[in-house]
Amino acid sequence: LIDPVVNLNAPVDNTNSSNSTVIFNCSATDNLGLVNMTLYGNWTGSWHANETNNLSGISNSTLFSKTLGDGNYIWNCLATNINPNTVFSSLNYTLTVDTIAPNISTVSSGSIGSSAATISWTTNENSNSSLNFGTNLSVLGTIQQSTSLVTSHSVALSSLSASTLYYYNITS
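These numbers were taken from a predicted model, which means no experiment stands behind them.

### Description of the sheet that holds strand β3 (residues 21-29)
Moving on, step 1. Taken together, three strands build an open sheet; the order of strands is β1-β3-β6 and the sheet is antiparallel. Lying at the two open borders of the sheet, with one neighbouring strand each, are β1 (5-10) and β6 (59-67). The sheet shows a mean angle of 25° between the axes of neighbouring strands, direction not considered.
Moving on, step 2. The sheet contact formed by β3 and β6 spans nine bridges and is antiparallel.

Here's what the structure looks like:
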């Protein structure tokens with residue numbers, strides 16, 4: 001007899017979501033046959049079962065849709081076979097939900113040279129850095145970005161044309 005094997009398919013580990021609706025996807029295989037899968041979460045400092053979906057066959061997957069508030073979450077899935085043996089995935093996954101956009105402040109364009117410039121700004125919470133720029137205000141086609149989550153942002157621009165007016169738009 002072999003216990004079920006559980007995989008956590010989505011969201012991937014360490015996901016940062018700006019959407020409060022999260023779709024959890026778990027799959028399992030078992031040589032005897034599957035009965036159900038339960039989503040477990042450590043939402044408030046202790047583990048608890050959130051929802052159980054029936055399964056059948058020796059290989060199957062299921063989805064759980066949950067609406068979560070802003071915060072950090074740990075989750076796992078528990079598969080049950082017809083024996084009934086129960087097994088969690090070998091790893092817990094983490095998820096951060098943050099639906100509130102950061103406030104951008106202290107924007108500055110410094111270190112301006114003939115072909116380069118650095119644009120800096122701060123945010124009130126950790127966020128990514130993205131800057132669109134170009135010579136036409138209605139078409140800011142070039143993008144520089146970093147996926148690192150920080151509060152102090154700085155994007156270096158290079159290969160700029162001397163004596164040319166550039167426009168930029170930052171997002172975090």
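### Thoughts on unusual backbone geometry
Moving on, step 1. Going from alanine 10 to proline 11, the amide bond is cis rather than trans, its omega being -5°.
Moving on, step 2. In this fold, proline 11 is placed in the loop between β1 and β2 (15-17).
Moving on, step 3. Note that the residue after asparagine 83, namely proline 84, is joined by a cis bond; omega there is -5°.
Moving on, step 4. In this fold, proline 84 is placed in the loop between β7 (71-81) and β8 (86-88).
Moving on, step 5. Here asparagine 14, not a glycine, exhibits a phi torsion of approximately 65°, which is positive.
Moving on, step 6. Looking at where asparagine 14 falls in the secondary structure, it is placed in the loop between β1 and β2.
Moving on, step 7. With a phi close to 60°, serine 159 is a non-glycine residue in the positive phi region.
Moving on, step 8. Assignment of secondary structure puts serine 159 in the loop between β12 (142-157) and β13 (167-171).

What counts as what
- Residues numbered from 1 in each chain as written.
- Predicted model: local features only at pLDDT ≥ 70, side-chain atom pairs only at ≥ 80, totals over all residues.
- Heavy atoms only, no water.
- Pairing = 2+ DSSP bridges.
- Helix = DSSP H or I, 4+ residues; strand = E, 2+ residues; numbered from the N terminus.
- Axes fitted to C-alpha atoms, helices over the stretch in contact; angles between N-to-C directions.

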